[in-house]
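Fold and contact review
Now for the letters of each chain:
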Amino acid sequence: MAYRQNNTLSKLETLAQILYGVKFFRFVFFFYAFISFVFWFLNCLEVEWLYLFTKLFIIPVIIVRTFYVPEGVSADFTLAIVGGISLLLGFIFDYTVNKLYEKLIILQEEEERRIQRRRMQRKKVAKPTMAPTDATINTTEPLENSKLLFLIQPHVNKIKRKESDLELTFQEVELWKQRVNKKLLENISYSKPMQKGYYRKNLFLIYRDFNYVDDFIYYIKPTLDSIVIEFRRYGITLSFSYVLSAIAKMETLEKELDCMDTILSLNFINDFIVTNRFKITYDNKPIHQYSMILKGEYNLSKNLSISNNQPLYSLSDGKNTEKGEI
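This report concerns the structure included in the present document. Remember, it's a predicted structure, so these values are computed and weren't measured experimentally.

Some details on helix α7 (residues 276–283)
In terms of burial, α7 is a largely internal element, seven of the eight residues being buried. Where α7 is concerned, the buried positions are Asn-276, Arg-277, Phe-278, Lys-279, Ile-280, Thr-281 and Tyr-282.

Things to note about empty space enclosed by the protein
What the rule picks out here adds up to one cavity of 30 Å³ or more. What the largest cavity holds in volume is close to 30 Å³. Lining the largest cavity are Ser-241, Tyr-242, Val-243, Ile-263, Leu-264, Phe-268 and Ile-273. Residue assignment for the lining of the largest cavity shows that the elements contributing at least two residues are β4 (236–247) and α6 (253–264). Residues that form the lining of the largest cavity fall into these classes: six nonpolar, one polar and no charged.

Here's the deal with unusual backbone geometry
Positive phi is not limited to glycine here, since Arg-200 has a value of about 50°. Position of Arg-200 relative to the elements: it lies in the loop between β2 (195–199) and β3 (202–207). In this structure, Asn-267 takes a positive phi of about 60° despite not being glycine. Secondary-structure assignment places Asn-267 in the loop between α6 and β5 (272–274). We classify Asn-267 as partly exposed; its relative accessible area is 47%.

Examining the environment of Pro-154
If you trace the backbone, Pro-154 turns up in strand β1 (residues 147–158). On the basis of relative accessible area, Pro-154 is assigned to the buried category, the value being 1%. In the structure, Pro-154 is positioned 49 residues away from Leu-203 in sequence and 9.2 Å away in space, judged by C-alpha atoms. Dropping the residues within four chain positions of it, Pro-154 is found in contact with Lys-177, Val-180, Asn-181, Ser-239 and Phe-240.

Quick notes on the sheet that holds β1
Pairing within the open sheet is mixed, and its seven strands lie in the order β2-β3-β1-β4-β5-β7-β6. Looking at strand neighbours, the two that pair on one side only are β2 and β6 (291–299), the edges of this open sheet. Strand after strand, the sheet turns through a mean of 25° between neighbouring axes, direction not considered. Where β4 lies against β5, three bridges are found, and the strand directions are parallel. The partner of Leu-244 across the bridge, within β5, is Val-274. Packed onto the sheet, α6 meets β1, β2, β3, β4, β5 and β7 (309–316) and runs at close to 140° relative to β4.

Here we look at the nonpolar core
The biggest cluster of nonpolar side chains holds 36 residues, and the ones touching the most others in it are Phe-150, Phe-216, Leu-238, Leu-244, Phe-278 and Leu-315. Of all the secondary structure elements, the ones that give two or more residues to this core are β1, α4 (170–187), β3, α5 (213–232), β4, β5, α7 and β7. Of the residues forming this core, the biggest block, eight residues, is contributed by α5. Other than its neighbours up to four places away in sequence, Phe-216 contacts Leu-148, Phe-150, Leu-205, Tyr-207 and Leu-244. Judged by nonpolar contacts, the second largest core, of 17 residues, contains Val-243, Leu-264, Ile-273 and Leu-312.

Here we look at α6
Across its twelve residues, α6 extends 16 Å between first and last C-alpha, which sits within 8% of the 16 Å expected from 1.5 Å per residue. For α6, the buried fraction is high: nine of the twelve residues fall into the buried class. Within the sequence span of α6, burial applies to Leu-253, Glu-256, Leu-257, Cys-259, Met-260, Asp-261, Thr-262, Ile-263 and Leu-264.

Let's talk about the packing of aromatic side chains
Taken as a whole and judged by the stated rule, the model has 21 aromatic pairs. Across from the ring centre of Tyr-313, 5.3 Å away, lies the NZ or CZ of Lys-279, which sits over that ring.

So, the packing of α4 against α5
For the pair α4 and α5, the least separation of the axes is 11 Å and the interaxial angle reads 135°. The angle between the axes of α4 and α5 places the two elements in the oblique class. The handedness of the crossing between α4 and α5 is right-handed. The residues of α5 that touch α4, namely those facing Trp-176, Arg-179, Val-180, Lys-183, Leu-184 and Asn-187, are Ile-220, Thr-223, Leu-224, Ser-226, Ile-227, Glu-230 and Phe-231.

Reading the values: rules and limits
Each chain has its residues counted from 1, running along the sequence as written. With pLDDT at 70 or above as the cut-off, local features in this predicted model cover only qualifying residues; side-chain atom pairs require 80 or more to be listed or tallied, and sums for whole chains, interfaces and linings still use all residues. As a convention, hydrogens and water are excluded, and side-chain values are obtained from all of the structure's heavy atoms. Here the term buried applies to any residue with accessible area under 20% of the maximum for its type, exposed to any over 50%, and partly exposed to those in between, with areas from a 1.4 Å probe on protein chains only. Put simply, DSSP H or I for four residues or longer makes a helix, DSSP E for two residues or longer makes a strand, and each gets a number counted from the N terminus. Note on definitions: the grid is 1 Å and covers protein atoms alone; a cavity is a set of points where a 1.4 Å probe fits but cannot get out; a pocket is an open set with protein on both sides within 12 Å along at least five of seven lines; lining residues have an atom within 4 Å of a point. Grid points are joined across faces, edges and corners, and a volume is the space filled by probe spheres set on the points. Residue type decides the class: Asp, Glu, Lys and Arg count as charged, Ala, Val, Leu, Ile, Met, Phe, Trp, Tyr, Cys and Pro as nonpolar, and the leftover types, Gly among them, as polar. Only heavy atoms matter for contacts: two residues are in contact if any of them lie within 4.5 Å across the pair. If DSSP finds at least two bridges between two strands, the strands pair. Every axis corresponds to a line fitted to the C-alpha atoms, with the helix fit spanning only the stretch in contact, and the corresponding angles, defined between N-to-C directions, vary from 0 to 180 degrees. Residue types Ala, Val, Leu, Ile, Met, Phe, Trp, Tyr and Cys, when buried and joined through side-chain atoms within 4.5 Å, form a set referred to as a nonpolar core. The span expected for a helix works out to 1.5 Å for each residue beyond the first. Any pair of Phe, Tyr and Trp rings, taking the six-membered ring for Trp, is counted once the centres come within 6.5 Å. Such a pair is stacked with planes under 30 degrees apart, edge-to-face with planes over 60 apart, and tilted for the rest. In this analysis the charged atom, NZ for Lys or CZ for Arg, is taken to sit over a ring once it is within 6 Å of the ring centre and within 35 degrees of the ring normal. Each angle gets one of four labels, with under 35 degrees taken as roughly parallel, over 145 as roughly antiparallel, 65 to 115 as roughly perpendicular, and the rest as oblique. Should the near helix be turned anticlockwise from the far one by less than a right angle, the crossing is termed left-handed; should it be turned clockwise, right-handed.

Note that every value here comes from positions in space, so none of it alone points to a role or purpose.
Right, here's the structure in full:
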């Protein structure tokens, strides 16, 4: 098992390094194609100061002129040929980058599944303990010294300006999601989360004090709205699914995130969904800025043979009571 883990991680590291190099050469060839075409055009206009830059093209020109000799023609197409070859190589490297991204994503998913299987095996052989955890606490009781937990999933689509516009590929969607998450982290850096990370490619944030919840909700909504507007300029439409919960012990973080990930799969769009644990903890606060509307009771178990029915709620500030949106 250790050998397989090291082998997978080694493949991921090697592939990431190769991908970095290929992306660099893609940029180099596209840039070289651009300056080749520009200098060829200026050469046709007989611009005198071009000789200062001849060193940039010595080797490519020598290679091309072993096959092409500009005799008896009014224009020298050597630099145009260099530009065309560079452009072709740029597209080849661009295609290679996309293929490497596909492979990288596949390897990452394999590693995540391997880690999940290993955790499940550990749970099976682990001895039961009497130490209390969030799982043993009655979910109808508020959690003392609880922390605020937020999980968000962006949904990315291309703005189709024409009927002939193509949909985004899987790789493009993943890349846009990474850009969205990066932008979100930049915009909420002021809130100084206790911990941040990714669970199954979805961003999560943890805040040390649950009482920060009202301020967090107040600021996160306009932050997300501004990101939606910004990415619309790139031809991308964004929507979000997000879930709020509460935890008392960090040992139960993975279990709670797994439950919240199941809630994300229910596809509540642009609606602040909260767990029953969040509701009970929030109701225990002395001051409430938001109310909660029952969405229904859902089976949050990933195992179809096991039922884990829990109520889910939507936060409301009283202005959008029909949908429960803030």
